[in-house]
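One-letter residues, chain by chain:
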Amino acid sequence: MFSIRKLGAIGRTYRHLNRYHRILRVLFKYGFNDLVDRLHIDQYLESGLQMINRKPREQISRLSRPERLRLVFEELGPTFIKLGQLLSTRPDLIPADFLDELAKLQDDIPSFTLDEVHAIFKEELGRYPEEIFHYFDTEPLAAASIGQVHRARMDNGIEVVVKVQRPGIENIIAVDLEILAHIAELMEQYLEEVQGHQPMAIVHEFARSLSREIDFSIELANIQRFARQFEGNPAVHVPLVYPELSTDRILVMEYVAGIKSSKTETLREQGYDLPLIAERGANLVMEQIFVHGFFHADPHPGNVFILPDNVVCFIDFGQMGRLSLKDREDFTDLVLDLVAGNEQKIVTGVLKVTVQLGEVDRENLARDLGSLMDMYLYRPLGELEAGKILQDLLDLVSRHKLSFKPGLYLMMKALSTVEGVGLMLDPKLELINLAKPFMRKIRLGRMQPGRIAEEISLTGSAYLRLLRDLPEELRTILYQLRSGRMRLEFEHRGLKSLGTTLDRVSNRISFAIVLAALIVGSSLIVLSGIPPHWHSIPVIGLIGFLVAGVMGFWLLLSIIRHGRM
C-alpha cells in the first residue's frame, strides 16, 4: 500500500518540485490555467512558476475541455492514465462528456529494454530469463504503464506469457500520488463544487487500487481464487499460473491462443455459436457478481477470449471487484423493486446502496425515481438495456447528492461492458432477463432457515457484547469527567488560507529585510574601497548590488503576479 505523505510548501525533494513543475506546464499547455489559479497553487509553489508559459497553443484551444483533459492525462504518464481510467467509471464525480472522453484513454506506452528485464529477473529470481525458459522472446508482446508482456516456452514445451513490472514504477507513482494528494487538499479548500465528493478520499482510494494493481502476487492470487470459483465449469477457462516462477514484479501464466470476443466475423467464419457465447459470457459475469461477490472489473473485448467449443476465457486479473453479501442483497432489492414498480420501497433501497454527500430531499428523490420507473416499467423486456438503465440511475443519484459505493460502481461498469460485448455477439441478448434468476436466488437465500438462524445469532451476540461493555465504557467516561481529563476537540474551518497569507507576508518581510541589509552592506563595502577593484569600484560591493537587484526584481514580480502592490 502506498503511503501518501504530506507535501511541504515547495515539495519534499527536488524530484517532487521538478515533477510538480512538469504537471503545471502540461496543465498550462492544454488551457487549464484557470484551474491552477483557482487552486492558488502559486502560494505554495512560487519557485519557477514565473518561467512557465501559460498560453495554450492555438490548435489545442480548438479542442473541447474533455479532450484537453484526456490529453493531459496521456502526456503525464502512468499514474494519471490510471487516474483517468478510474474517473471514467465514476459518473457521480464528473459530467458525462468527460466520462466518454476519459474512457478513450489508452494504456499503451513504449516498452523498456531487455537489459532492464534482465536486471529485474536477476533481482527477483536470481537468474536471467534465458536460464529459466527454453525460449524467451526478447521483443515484448505488449507494453503498458505498469509493465510489459513477453512470450516464452518452458522446458516441457508449454507456451507461457511473462509479465514484467516496469522499472522504477513504484517511485514514479509514489511521487505523483503525493502531488495529487496536495492538489486534492487544495480542491477541498478552494473549490466548493467538489468538496462534497471528498477529493482526498478519492486519492486514497486510488492509491489502494494502484497498490493492488502493481503487486503481481495479488494478481496471481486473484487468478487462483477465480479458478476455484469456476472449478469444474466447462464453459469457462482460467489461465494456469506458475507461482514458483512468479514474484511481486514477475507473473508467469499460460499463453491463451484464443480469438478476441470483438472479432465476430472471425468467430462466425470458424463456426462458433455467437448467441451461446453471448449468453455464457453474461451468465459468467453475473455468477461472479451475484454468487461469489468477486468479479472481473474490466471484461472489455480485449480481456475476453473465445476458445474452441465456445469456451470463454478471461485474462488480465489486475482489476477485480469485490461486493459483500449485504451489498449484493441491497442492490438486488433495489433492481427488483425498480422493475416491479414498488414505489414505497425504491427510495429506501436507493439510500441503502448510496452514501449521502449532502442533504437529501426524499420527496424529490421519490418523484424522480417514479419518473425513471415510468420510463422503463411498461416497455417490452426485449427493448430494455441494463447499461442504459444503470446510467440513468447513476445520473439520478448524482443529482440528489448521493454516491454509490466504489464496489457497486465497478459492478455497474462490468455489467454495462459485458452487455455491450454480448450485444455485438447477439443483438437479441436480454441481460435483464438473464440476471433475474441470480437476483431471485439471492433474495430466496435470505429466507433459508440456516441463514435466518445465523443472523439471529450474530445480532444477539452483538447486543450481548454491547450490554457487557456498556458499564465499563460508562465508568471510563465518568472517571474522565471527574478527574478533569475529558477532552473536546474543535476543528476550525476557513483559517488555512489566512495562515497561508500570513506565512507569505512574513516571508516577504524577511525577504525585504535581507534585501535591505544586502544593499546597506554593499554600500559600506563600496565606500570603504575594499579590494579587489573593477574600474576603481570594489568587486564585492558590485556583486552585492547585483544580487540585491535580482532579489528586488524577483520580489516585485511575485507581488505583481498576485495582483497586489
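Heads up: these notes are all about the structure in this document. Residue positions within a chain follow its written sequence, with the count starting from 1. Reporting of local features is limited, given that this is a predicted model, to residues whose pLDDT is at least 70; pairs of side-chain atoms are given and counted only at 80 or more, and all residues count toward the totals for whole chains, interfaces and linings. Only hydrogens and water are set aside when side-chain values are computed; all heavy atoms of the structure are taken into account.

### Things to note about the overall build of the chain
To qualify as a helix, a DSSP run of H or I must reach at least 4 residues; to qualify as a strand, a run of E must reach at least 2; elements of each kind are numbered from the N terminus. The number of helices and strands found in the chain is 22 helices and 15 strands. A 1.4 Å probe rolled over the protein chains alone gives each residue an accessible area, and that area as a share of the maximum for its type sets the label: buried under 20%, exposed over 50%, partly exposed in between. Looking at the chain residue by residue over its 565 residues, the buried ones come to 44%. Residue contacts are defined here by distance: any two heavy atoms, one from each residue, within 4.5 Å place the two residues in contact. A fraction of 69% describes how many contacts in the chain between residues 6 or more apart in sequence connect residues 24 or more apart. Values of accessible area rely on a 1.4 Å probe in the Shrake-Rupley scheme; residue burial ignores everything except the protein chains shown. Entry remark: accessible area of the chain is about 30,200 Å², with carbon and sulfur atoms responsible for 57%.

### Here we look at a nonpolar patch on the surface
Patch membership requires more than 30% relative accessible area and the absence of a salt bridge. Residues of like charge join within 9 Å; the nonpolar side chains Val, Leu, Ile, Met, Phe, Trp and Tyr join within 5 Å. By convention in these notes, a salt bridge is any Lys or Arg side-chain nitrogen within 4 Å of a carboxyl oxygen on Asp or Glu. A cluster of nonpolar residues, Leu470, Leu474, Ile477, Leu478 and Leu481, forms a patch on the protein surface that exposes about 470 Å² of accessible area. Of note, Leu474 is situated in helix H20 (residues 449-483).

### A few points about the sheet that holds strand S5 (residues 236-237)
Pairing within the open sheet is mixed, and its four strands lie in the order S5-S10-S9-S7. Each of the sheet's edge strands pairs with one partner strand only, and the pair in question is S5 and strand S7 (259-260). One bridge is not enough; two strands pair if DSSP finds at least two bridges between them. Summarising the sheet, strand S9 (residues 304-307) and strand S10 (residues 311-314) pair through four bridges and their orientation is antiparallel. The partner of Val304 across the bridge, within S10, is Phe314. Fitted lines through C-alpha atoms serve as axes, helices being fitted only where they are in contact, and the angles separating the N-to-C directions of these axes extend from 0 to 180 degrees. Docked against the sheet, helix H13 (residues 274-292) engages S5, S9 and S10, running at close to 45° with respect to S10.

### Considering a positive patch on the surface
In this tally Asp and Glu are treated as negative and Lys and Arg as positive; neither His nor the chain ends contributes. By convention, charge coordinates are those of NZ in Lys, CZ in Arg, CG in Asp, or CD in Glu. Together, Arg212, Arg225, Arg228 and Arg322 give the surface a local cluster of positive charge. Considering the arrangement of structural elements, one finds Arg322 in strand S11 (residues 320-322).

### Considering helix H15 (residues 343-352)
Those residues of H15 not exposed but buried are Ile346, Val347, Gly349, Val350 and Leu351. The inward-facing, buried residues of H15 contact helix H14 (325-340), strand S12 (354-356), helix H16 (362-376), helix H17 (386-399) and strand S13 (402-404).

### Quick look at the packing of aromatic side chains
Any Phe, Tyr or Trp ring, taking Trp's six-membered ring, that has another such ring centre within 6.5 Å forms a pair; planes under 30 degrees apart are called stacked, those over 60 apart edge-to-face, and the others tilted. What the rule picks out here adds up to seven aromatic pairs. With a centroid separation of 5.1 Å and an interplanar angle of 50°, the aromatic rings of Phe226 and Phe230 are classed as tilted. Judged on exposure class, the residue Phe226 and its partner Phe230 are both buried. Ring centres of Phe404 and Tyr409 lie 5.9 Å apart, and the angle between their planes is 90°; this geometry places the pair in the edge-to-face category. The buried category is assigned to Tyr409, whose relative accessible area is 2%. Following the ring pairs from residue to residue traces out a cluster consisting of Phe226, Phe230, Phe314 and Phe317. Above the ring of Tyr255, the side-chain terminus of Arg151 is found at 3.8 Å from the ring centroid. The criterion is that NZ of a Lys, or CZ of an Arg, lies within 6 Å of the ring centre and within 35 degrees of the ring normal, and then a charge sits over that ring. In this arrangement the basic side chain of Arg225 is found over the ring face of Phe294, its NZ or CZ atom lying 4.0 Å from the centre.

Honestly, that's just the spatial picture; any functional story needs more than this.
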